[in-house]
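As a plain string of letters, each chain reads:
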Amino acid sequence: MTDNASLSRLCSNMLISINAIAAMSYAMTGLIRQSGDFKDDLNISSRELPIKMEFPFKVNASPFFELLVVGQFLHEVSIAALVATINSLIVTLVLHVSGQIDILRQELSMIHYDSSQPRESIVADVRLLIVRHQRIITLSDNIDELYSSIALMQFMSNTLVICCIGFTIIGSLAEIGAAMMLMKTIIFYIAVTLEAFIFCFSGEYLSAKSKSIGDAVYESLWYKMTPAECRILLFVILRSQKRLTITAGNVMDLSLEGFTTVMKASASYMSVLHAMY
C-alpha cells in the first residue's frame, strides 16, 4: 500500500503538471503573438485577449486589459488543474483497490491445513477472506458508479477534441506562423490524449488485478484441504472470473481496446475533415 501511495502521488503530480503546462502554453503563445503584433503596428485597439471574449465595454486600455489577461490565465490553469485532479482521483482509487487485492492474494496463498489447528479455523479464515473480497467488489462498484457518467462525457469530448486539434495541426503546417500554432496545440493534444489513456488504463489495470484473485486461489495449498473446504474456494474462483471494471455510461468497458477505438475514430473523423477542407 505504501508503494501504491507513492505511485499515486507521482501520477497525480505528473497529470497536474502536464495539464498546467498545456494551459500555460495555450495562454503564453497567444500573449507572445499579441506582443509581436503590438510591436509591429503599435495599435492598442488591435490587442486581443488570450481567450476571445466579448464585453459591452472596451477592454483594450491599460491596466484593465492586463488584469483581464491575468484573470484568464489563472482561470485556465485552475480549470486544467481541476480536471487533472479528477483524473488523478480515479488513479488513486484504482491503485488503492489493487493494493487491497494484492493483500487478499497474499492471504489466500497462505491458507493451508495445519494439523495443530482445528478444521474450523480454516473455514473461519476463508470466510474472512470472502468478506474482504466482497468489500473490494463493493468498492469497485462504487468507483464505477462515480466515474461512469464522467467517463462517457470524457470519451465523447476527447474524441471530438482530438479530431479537431489534429485537423488544426495538419492545416497549420502549410501556413505562416506554424511554429507558434504547434506550440499552442501539441502540448494540449498530448494532455487530452493522456486523459483518455488514463481512464482506459485504469479500467484495464483493475480488470487484470481482479482476475489475479482466481490465480492466487488456485496456487494455494487447496489440495491439502477437505473437499468441503475446497468447494468454498471454488466459489471464490468463480466470482473472480467476473472481472471488475469501470464502464463509460454502462455502454462499454474502459480498456486499452477502448482507447484504440477512440484514437481510430478520431483519426477517421480527422481524415474526413481534411479531405473535405
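As shown above, the structure is provided for reference.
Since the structure is predicted, the reported quantities are computational estimates derived from the model, not experimental observations.

Trainee: Requested: an account of the layout of surface pockets, with residues and values cited.
Mentor: Space inside the largest pocket adds up to approximately 520 Å³. If you go around the largest pocket, you meet 21 residues; those closest to its centre are N19, I79, A80, V83 and F188. Elements with a contribution of two residues or more to the lining of the largest pocket: α1 (2-41), α2 (64-109), α3 (119-172) and α4 (178-218). Counting residues per element, the lining of the largest pocket draws most heavily on α2, which supplies 7 residues. For the lining of the largest pocket, the class distribution of residues is 13 nonpolar, 6 polar and 2 charged.

Trainee: Lay out helix α6 (residues 256-276) with the relevant residues and their values.
Mentor: Compared with an ideal rise of 1.5 Å per residue, which puts 21 residues at 30 Å, α6 spans 30 Å between its outermost C-alpha atoms and is within 8% of the ideal. For α6, every residue scored as buried is listed here: G258, F259, V262, S266 and M270. The buried residues of α6 occupy an angular sector of 110 degrees when projected down its axis, which confines them to one face. Opposite the buried face of α6, by more than 90 degrees, sit the exposed residues E257, K264 and A275.

Trainee: Can you explain helix α5 (residues 227-240)? Please cite residues and give values.
Mentor: Turn by turn, an α-helix covers 3.6 residues, leaving residues three or four places apart pointing in a common direction. In a regular helix each residue adds 1.5 Å, so 14 residues correspond to 20 Å; α5 covers 20 Å between its end C-alpha atoms and thus fits that length. Inspection of α5 places E229, L233, V236 and S240 among the buried residues, and these make up the whole buried set. Looking straight down α5, one finds that the buried residues subtend no more than 45 degrees of arc, so they occupy a single side. More than 90 degrees from the buried face of α5, the exposed residues found are P227 and F235.

Trainee: Break down the pattern of salt bridges for me, with residues and values.
Mentor: According to the stated counting rule, one finds 4 salt bridges in the structure shown. For D102, the salt bridge goes to R105, with nearest N and O atoms at 3.8 Å. Taken together, the positions of D102 and R105, both in helix α2 and 3 residues apart, correspond to about one turn of that helix. Note that R132 and E107 form a salt bridge whose closest N and O atoms lie 3.0 Å from each other. You can see R132 sitting in helix α3 and its partner E107 sitting in helix α2, a full 25 residues away along the chain. Exposure remark for E107: the relative accessible area of 30% places this residue in the partly exposed category. Taken together, the shared-partner salt bridges in this structure form one network comprising D102, R105 and K209.

Quick notes on the rules
Residues numbered from 1 in each chain as written. Predicted model: local features only at pLDDT ≥ 70, side-chain atom pairs only at ≥ 80, totals over all residues. Heavy atoms only, no water. 1 Å grid on protein atoms, 1.4 Å probe; cavity = no way out; pocket = protein on both sides within 12 Å on 5 of 7 lines; lining within 4 Å. Points joined across faces, edges and corners; volume = space filled by probe spheres on them. Helix = DSSP H or I, 4+ residues; strand = E, 2+ residues; numbered from the N terminus. Nonpolar A, V, L, I, M, F, W, Y, C, P; charged D, E, K, R; others polar. Expected span 1.5 Å × (residues − 1). Buried < 20%, exposed > 50% of the residue type's maximum accessible area, 1.4 Å probe, protein only. Arc of directions from axis to C-beta. Salt bridge = Lys/Arg side-chain N within 4 Å of Asp/Glu carboxyl O.

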